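Tertiary structure, described
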Amino acid sequence: MGNNYAVIGLQWGDEGKGKIVDLLSEKIKLTVRYQGGHNAGHTVIIGDKKIVLHLIPSGIIHSDTKCIIGNGVVVDPYAFLKEIKELNKFGIKTEGRLYLSKDAHMILPFHSKIDAIIEEEIRGDQKIGTTKRGIGPSYEDKAGRRGIKLSSLYNPEYLKRELEYLVNIKNLFLKGIGKEPLKSNKIYEELMEIREELLKYISDTFPIIQDAKEKGETILFEGAQGVLLDIDYGTYPYVSSSHPTVGGIFTGSGIGPDANIKVIGIVKAYTTRVGKGPFPTEATGKDEKTMREKGKEYGATTGRPRRCGWLDLFALKYSVKLNGVNSIVLTKIDILDSFEKIKVCTGYKYKGKTLKNFPTESWILEEVEPIYDEVEGWKDVTSGITEYNKLPQKAQNYIKYIENYLKVPVSIISTGPDRKETIIVKEF
Ligand code: IMP
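The rules behind each value
The numbers attached to residues start from 1 for each chain and follow its sequence in the written order. Thresholds applied to this predicted model are a pLDDT of at least 70 for local features of residues and 80 or more for the giving and counting of side-chain atom pairs; totals over whole chains, interfaces and linings are not thresholded and use all residues. Only hydrogens and water are set aside when side-chain values are computed; all heavy atoms of the structure are taken into account. If even one non-hydrogen atom of a residue comes within 4 Å of a molecule or strand, that residue is called near it. Contacts described as polar in this section are N or O atom pairs within 3.5 Å, which, within protein, must combine one atom able to donate a hydrogen with one able to accept it, while residues neighboring in sequence count only if both atoms come from side chains. To be clear on the numbers: accessible area is Shrake-Rupley with a 1.4 Å probe, and residue cover counts the displayed protein chains and nothing else. Each residue gets one of three labels, nonpolar for Ala, Val, Leu, Ile, Met, Phe, Trp, Tyr, Cys and Pro, charged for Asp, Glu, Lys and Arg, and polar for the others, Gly among them. Axis geometry follows a simple rule: fit a line to the C-alpha atoms, using only the stretch in contact for helices, then measure angles between N-to-C directions, giving values from 0 to 180 degrees. Helical segments are the DSSP runs of H or I of at least four residues, strand segments are the runs of E of at least two, and each set is numbered from the N terminus. Geometric relationships in this document are graded by angle, where less than 35 degrees denotes roughly parallel, more than 145 denotes roughly antiparallel, 65 to 115 denotes roughly perpendicular, and other angles denote oblique. Should the near helix be turned anticlockwise from the far one by less than a right angle, the crossing is left-handed, and should it be turned clockwise, the crossing is right-handed. Any two residues having at least one pair of non-hydrogen atoms within 4.5 Å are treated as being in contact. A pair of strands is labelled paired if DSSP reports no fewer than 2 bridges between them. Pairing of aromatic rings covers Phe, Tyr and Trp, the last through its six-membered ring, and needs centres within 6.5 Å; plane angles under 30 degrees mean stacked, over 60 mean edge-to-face, and all others mean tilted. Type-normalised accessible area, obtained with a 1.4 Å probe on protein chains alone, sets the label of each residue: buried when under 20%, exposed when over 50%, and partly exposed for intermediate values.

Concerning the site of the ligand
Neighbouring the ligand are 15 residues, the closest being Asp 14, Asn 39, Thr 131, Ser 240 and Arg 304. In the environment of the ligand, an oxygen atom lies 2.6 Å from a nitrogen or oxygen atom belonging to the side chain of Ser 240. Out of a free accessible area of 470 Å², the ligand has 96% covered by protein chains. By residue class, the composition of the shell around the ligand is 6 nonpolar, 7 polar and 2 charged.

Quick look at the structure:
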């Protein structure tokens with residue numbers, strides 16, 4: 001098994017990755033984020049303190065861990081500095097241990113504006129339900145070879161020229177829909193005001209990762225969002241614009257497959273989804289309400305109520321195979337404590353036929369009928385349990401059911417938000 005770890009959400013995000021990254025970080029020297037932006041929301045609870053991180057890896061909480069925001073991430077420099085301020089307020093030092101890849105692209109203020117315009121005024125009823133943080137529009141500019149990399153702050157003349165070109169293109173769109181055009185000079189001046197502060201963090205992160213790898217220091221790759229929100233493998237177009245899948249690590253951080261990365265898949269004991277898009281196992285009525293209220297299923301970034309439903313093993317099998325998952329961390333099992341019966345989806349039927357493979361087409365997913373099995377609920381308290389054999393037998397049965405179906409061992413079980421509320425089944 002590998003020396004390094006990837007922590008990847010196997011559903012539609014919000015599986016509880018933050019807590020697990022935080023837990024593992026005690027043994028980790030370098031934590032790397034490789035995709036997404038400040039659309040993520042990782043809640044880390046330490047004693048009575050609660051910190052919500054959107055962009056900076058959760059590893060920052062541990063003073064011995066270095067953190068990298070890799071080239072595959074899109075960085076809103078204003079959101080970045082706001083998060084730094086917040087961390088510093090909590091007494092967490094950031095300078096000298098947090099590195100922003102010079103090759104990461106920026107999310108500029110107009111990206112979030114355009115995100116909102118497309119969602120509200122153009123897509124309307126067909127909206128994706130984005131976080132409106134400008135993620136998609138920034139990745140669009142990156143792929144369109146007109147994006148602004150953080151490294152352009154090294155060279156203000158270059159930045160000014162590239163910004164002017166980008167703004168001209170954006171204005172074609174904005175003027176076309178009757179909006180006020182952008183002024184590239186203003187954006188430039190505002191960036192120059194925070195340039196010095198950003199330069200403290202912008203680095204060539206490639207040698208930092210490579211150096212850690214050569215020294216055999218354990219590196220943790222922290223995924224944001226989840227596999228089913230991947231731009232290629234997710235439920236397109238209801239996805240984010242990055243690669244939360246394991247492949248994103250190679251393009252988004254500066255390391256190759258010889259890094260021996262052990263893939264830890266994070267799975268919530270039920271399923272949630274924020275925003276629009278197909279959700280075959282979505283629950284209704286009392287069941288959904290119990291999951292949402294007990295699980296505090298409200299977006300950490302936008303505060304939106306999350307849609308809740310049963311565990312979808314058919315979708316999970318797809319995520320497991322796609323990412324070569326080695327072991328599973330099962331989170332929030334305690335949220336199911338009060339259920340008499342627990343449904344698990346083991347397959348889909350589409351137009352009367354049982355599907356062999358997970359379909360990514362949203363129009364198929366909208367119509368599939370989940371095939372459910374029912375597992376007996378344990379109707380007992382699992383919150384705060386720290387030893388596997390103290391779990392009610394029926395809760396153990398639920399975990400075994402998941403392992404048997406997915407053919408991957410469950411190594412950690414989370415029984416509450418606190419670091420201590422964890423069962424280590426097998427050390428990895
Ligand atoms: P975007 O990433 O803001 O473009 O949003 C695209 C889709 O991904 C929307 O359905 C969002 O709700 C969803 N999304 C983005 N980030 C997260 C996350 O961290 N957790 C869960 N869903 C997310």
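That covers the picture; the talk isn't over yet.
A closer look at the packing of helix H2 (residues 77-89) against helix H6 (residues 184-199)
Look at H2 against H6: their axes get within 11 Å of each other, and the N-to-C directions meet at 45°. For the element pair H2 / H6, the angle class is oblique. Crossing handedness for the pair H2 and H6: left-handed. From H2, Pro 77, Tyr 78, Phe 80 and Leu 81 reach across to H6, where they touch Glu 190, Leu 191, Ile 194, Glu 197 and Leu 198. Across the contact of H2 with H6, the residue classes tally to 7 nonpolar, no polar and 2 charged.

Re the sheet that holds strand S1 (residues 4-9)
Read from one edge to the other, the open sheet built from 10 strands follows the order S9-S7-S5-S2-S10-S1-S11-S15-S19-S20, with strand pairing classed as mixed. Both edges of this open sheet fall to strand S9 (202-203) and strand S20 (422-424), since each of them pairs with a single strand only. Two strands pair when backbone bridges link them, and strand S5 (residues 66-69) and strand S7 (residues 98-101) are joined in this way by 3 bridges, in the parallel orientation. Counted as the bridge partner of Ile 68 is Tyr 99 from S7. Packing of helix H1 (residues 17-25) onto the sheet brings it into contact with S1, strand S2 (30-33), strand S10 (219-222), strand S11 (261-268), strand S15 (327-331), strand S19 (410-414) and S20, and relative to S1 it is tilted by some 165°.

Looking at the packing of helix H10 (residues 313-323) against helix H12 (residues 393-406)
The interhelical angle for the contact between H10 and H12, taken along N-to-C directions, is 50°, at an axis separation of 10 Å. By the angle between their directions, the pair H10 and H12 is classed as oblique. Once H10 is placed against H12, the crossing between them reads as right-handed. The segment H10 lies against H12, with Leu 313, Phe 314, Leu 316, Lys 317 and Val 320 engaging Tyr 401, Ile 402, Tyr 405 and Leu 406. The residue inventory of the contact of H10 with H12, partitioned by class, reads 8 nonpolar, no polar and 1 charged.

Some remarks on the packing of aromatic side chains
Per the counting criterion, the structure on display carries 7 aromatic pairs. A centroid spacing of 5.3 Å and a plane angle of 80° characterise the contact between Phe 80 and Tyr 201, whose relative ring orientation is edge-to-face. In this pair, Phe 80 is assigned in helix H2 and Tyr 201 in the loop between H6 and S9, connecting sequence segments 121 residues apart. Judged on exposure class, the residue Phe 80 and its partner Tyr 201 are both buried. Ring-pair connections join several aromatic residues into one group, and the members of that group are Phe 314, Tyr 318, Tyr 348 and Phe 358.

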